[in-house]
Amino acid sequence: MKENVIGDKKTFAIEYSILMVNPYPPFGYCKIWLGGNFMGGIESEVYLTRICHLIESVTSIKNKLFLEEYLYNLSDAELFEIMRKNKIDETGKYWFMDTEGFDLFHKYIYRQNETFNFLWQLTPKVWEEFGSQGISTQLFSAQVAICMYEKVAKEFRNELMKFYKF
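Residues numbered from 1 in each chain as written. Predicted model: local features only at pLDDT ≥ 70, side-chain atom pairs only at ≥ 80, totals over all residues. Heavy atoms only, no water.

Quick word on the overall build of the chain
No. 1: Of the regular secondary structure elements, the chain holds four helices and eight strands.
No. 2: In the chain, the succession of α and β elements from N to C terminus is β-β-β-β-β-α-α-β-β-α-β-α.
No. 3: Out of the 166 residues in the chain, the part that is buried amounts to 43%.
No. 4: Pairs at least 24 apart in sequence give 52% of the contacts found in the chain among residues at least 6 apart.
No. 5: Carbon and sulfur atoms make up 48% of the accessible area of the chain, which totals about 8900 Å². (Helix = DSSP H or I, 4+ residues; strand = E, 2+ residues; numbered from the N terminus. Buried < 20%, exposed > 50% of the residue type's maximum accessible area, 1.4 Å probe, protein only. Contact = heavy atoms within 4.5 Å. Areas by Shrake-Rupley, 256 points an atom, 1.4 Å probe, with all protein chains shown as cover.)

Right under this line is the structure:
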């Protein structure tokens, strides 16, 4: 199984491996790297075209991901708790990668200027299981320039299109 990385793990990257192409869309493992830390890739295989679609969908709603001005003054931990309890938006607009393979994490995205901000943490119900395997239970945050995010997303799509037409 060949591991592929698009982008830079220290800022933003998609790490994936393809297990099967036919008769299904590309299927394999996937991790999203943000600021040198990852989410996903610890639970199961995923349809990589689904992951690509979810990553790209963020760019289509990027102008809706701004927070109310007063929220930018909160700490990451305070903002994470508010988002986790759906006190900002009950529609799930700020949820990130809400799909199988990433569902062991609470993860959110919002926009500030020309940057996407990410907050994520392993869900408390699985801390004991995965914390003992060396996977951190701390709250992570990362910032990614929107232009870099869009570039990596496009490269990921181009790679998957070699195997499957969306």
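Regarding the pattern of salt bridges
No. 1: According to the stated counting rule, one finds eight salt bridges in the structure shown.
No. 2: Taking the shortest distance from any N to any O, the salt bridge between Arg157 and Glu56 comes out at 2.7 Å. Pair noted here: Arg157 is in helix α4 (residues 146–161) and Glu56 is in helix α1 (residues 48–60), with a separation of 101 residues, a long-range link.
No. 3: Look at Arg157 and you get partly exposed, because its relative accessible area is 24%.
No. 4: Where salt bridges share partners, they join Glu81, Arg84 and Lys85 into one cluster. (Salt bridge = Lys/Arg side-chain N within 4 Å of Asp/Glu carboxyl O.)

A look at the pairing of strand β1 (residues 4–8)
No. 1: Pairing between β1 and strand β2 (residues 12–20): five bridges, direction antiparallel. Residue pairing for β2: Asp8 is matched across the bridge by Phe12. (Pairing = 2+ DSSP bridges.)

Here's the deal with the packing of aromatic side chains
No. 1: As enumerated under the stated definition, the model contains ten aromatic pairs in all.
No. 2: Between the aromatic rings of Phe96 and Phe118, the centroid separation amounts to 5.0 Å while the plane-to-plane angle is 70°, which identifies the pairing as edge-to-face. In this pair, Phe96 sits in the loop between α2 (76–84) and β6 (105–112) while Phe118 sits in strand β7 (residues 115–122), placing the two residues 22 residues apart along the sequence. By the burial criterion, Phe96 is buried, and Phe118 matches it.
No. 3: With centroids separated by 5.1 Å and ring planes inclined at 80°, the aromatic side chains of Phe116 and Tyr149 adopt a geometry described as edge-to-face. With Phe116 in strand β7 and Tyr149 in helix α4, the pair connects residues that are 33 residues apart, well separated along the chain.
No. 4: Judged by relative accessible area, Tyr149 falls into the buried class, the value being 0%.
No. 5: When the ring centre of Phe38 is taken as origin, the NZ or CZ atom of Lys31, which lies over that ring, is 4.3 Å away. (Phe/Tyr/Trp six-rings, centres within 6.5 Å; stacked < 30°, edge-to-face > 60°. Lys NZ or Arg CZ within 6 Å of the ring centre and 35° of its normal.)

Brief notes about the side chain of Glu56
No. 1: Within the structure, Glu56 has its side chain in polar contact with the side chain of Arg157 (distance 2.7 Å).
No. 2: The contact partners of Glu56, leaving out residues within four places of it in the chain, are Ala153 and Arg157. (Polar contact = N/O pair within 3.5 Å; in protein donor to acceptor, adjacent residues only side chain to side chain.)

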